[in-house]
Amino acid sequence: SGSNLTIDPGAFILMGSLYIYGDLKAIGTSQAPIVFTSRYDVEGGTPAPGDWGTIAIRPDGSATFDYTEVRYGGSYSATYYGMIHAAEGTSLSVTNSILEYSATEGISSEAVEPVIIGNAISNCASSGIEIHTTGTNPQIRDNVINNCSYPIYILADYLTDSVLITNNSGSGNTNQYIYLGSIN
């Protein structure tokens, strides 16, 4: 709790699961992205969706991902799902990143104000982006979401006036529309 983890540009991380109780800053560059992936992506063998679990941001934690590549994760758990999962009471920003080959969601967020901008998300067995909360103010824009069950899936009891979901595109999704539903 209260700890900070900063990952340098160009880092290559072989994943299991990562639980963030403080602050994570994974800020790469376009020439040196930070890569979170399966050990099979490096050590040989055939990487597959679900080879590792999740990057879970726990309550009161925060995570910033910029110029990252996250792939071959999202193994199903009754508690955490998605390659990146932000619990309620967290802060999440994912920008300029590539998320691909998830056994569940690319990004799953219960954060109140997630920022998800300028990403390429593909080949997720479930949604590319899933927002699940009692109230939310997401910024979801300029993403390309391909070959997922839903590109964007939102379950919320209410959405605030400043919701910004715009300029997202994609193809090959099972359901080629944004799903909006209520938790209750």
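Residues numbered from 1 in each chain as written. Predicted model: local features only at pLDDT ≥ 70, side-chain atom pairs only at ≥ 80, totals over all residues. Heavy atoms only, no water.

This part is about the overall build of the protein chain. If you tally the helices and strands in the protein chain, you get one helix and 20 strands. For 184 residues, the compact-globule estimate of 2.2 N^0.38 gives 16 Å, and the protein chain sits close to it at 15 Å. Overall size of the protein chain, expressed as C-alpha extent along the three principal axes, is 45 × 40 × 35 Å. Counting across all 184 residues of the protein chain, residues that qualify as buried make up 47%. Of the contacts formed within the protein chain by residues at least 6 apart in sequence, a portion of 57% connects residues at least 24 apart. Averaged over its 5 positive side-chain charges, the protein chain has a centre that lies 6 Å from the centre of its 17 negative ones. (Helix = DSSP H or I, 4+ residues; strand = E, 2+ residues; numbered from the N terminus. Rg over C-alpha atoms; globule rule 2.2 N^0.38 Å. Buried < 20%, exposed > 50% of the residue type's maximum accessible area, 1.4 Å probe, protein only. Contact = heavy atoms within 4.5 Å. Lys, Arg positive; Asp, Glu negative; His and termini not counted. Charge placed at Lys NZ, Arg CZ, Asp CG, Glu CD.)

On to the packing of aromatic side chains. The description of an aromatic ring pair uses the distance of the two centres, along with the angle that the planes make with each other. Applying the stated criterion to the full structure yields six aromatic pairs. Judged by centre distance (6.1 Å) and plane angle (70 degrees), the rings of Phe36 and Phe65 are edge-to-face. Here Phe36 is found in strand 5 (residues 34-37), whereas its partner Phe65 is found in strand 7 (residues 62-66), with 29 residues between them in sequence. Neither residue differs from the other here; Phe36 and Phe65 are each classed as buried. A centroid spacing of 5.7 Å and a plane angle of 65 degrees characterise the contact between Tyr150 and Tyr179, whose relative ring orientation is edge-to-face. With Tyr150 in the loop between strand 17 (144-146) and strand 18 (152-156) and Tyr179 in strand 20 (residues 178-181), this pair connects stretches of sequence that are 29 residues apart. (Phe/Tyr/Trp six-rings, centres within 6.5 Å; stacked < 30°, edge-to-face > 60°.)

To continue, consider the sheet that holds strand 3 (residues 18-20). Spatially, the seven strands line up as an open sheet ordered 3-6-9-12-15-18-20, and their pairing is parallel. Strands at the two margins of the open sheet, each flanked by one partner only, are strand 3 and strand 20. On average, each strand axis in the sheet is inclined to that of its neighbour by 10 degrees, with strand direction left out of account. Bridge count for strand 12 (residues 107-109) against strand 15 (residues 129-133) is three bridges, and the pairing is parallel. Paired with Ser109 across the strands is Ile131, a residue of strand 15. (Pairing = 2+ DSSP bridges. Axes fitted to C-alpha atoms, helices over the stretch in contact; angles between N-to-C directions.)

Here we come to the pairing of strand 10 (residues 91-95). Buried residues dominate strand 10, accounting for four of its five residues. Sheet analysis places strand 7 next to strand 10, joined by five bridges and oriented parallel. By the bridge assignment for strand 10, Phe65 is matched with Val94. Inspection of the sheet shows strand 10 paired to strand 13 (residues 115-117) by three bridges, in the parallel sense. Note on strand 13: the bridge partner recorded for Thr95 is Ile117.

This part is about the side chain of Ser38. Along the chain, the position of Ser38 falls in the loop between strand 5 and helix 1 (40-43). Given a relative accessible area of 1%, Ser38 falls into the buried group. At a separation of 3.0 Å, a polar atom in the side chain of Ser38 contacts the main-chain amide nitrogen of Tyr40. Side chain to side chain, Ser38 and Asp51 meet in a polar contact 2.7 Å long. Contacts of Ser38, omitting those with residues within four sequence positions, involve Leu14, Pro47, Asp51, Trp52, Arg71 and Tyr72. (Polar contact = N/O pair within 3.5 Å; in protein donor to acceptor, adjacent residues only side chain to side chain.)

Time to look at the pattern of salt bridges. Evaluated as defined, the whole model comprises four salt bridges. Among the salt bridges present, the one from Asp41 reaches Arg71, with a minimum N-O distance of 2.6 Å. Remark: Arg71 occurs in strand 8 (residues 68-71) and Asp41 occurs in helix 1; sequence separation between them is 30 residues. Across the pair Asp142 and Arg141 runs a salt bridge whose closest N-O atoms are separated by 3.6 Å. (Salt bridge = Lys/Arg side-chain N within 4 Å of Asp/Glu carboxyl O.)

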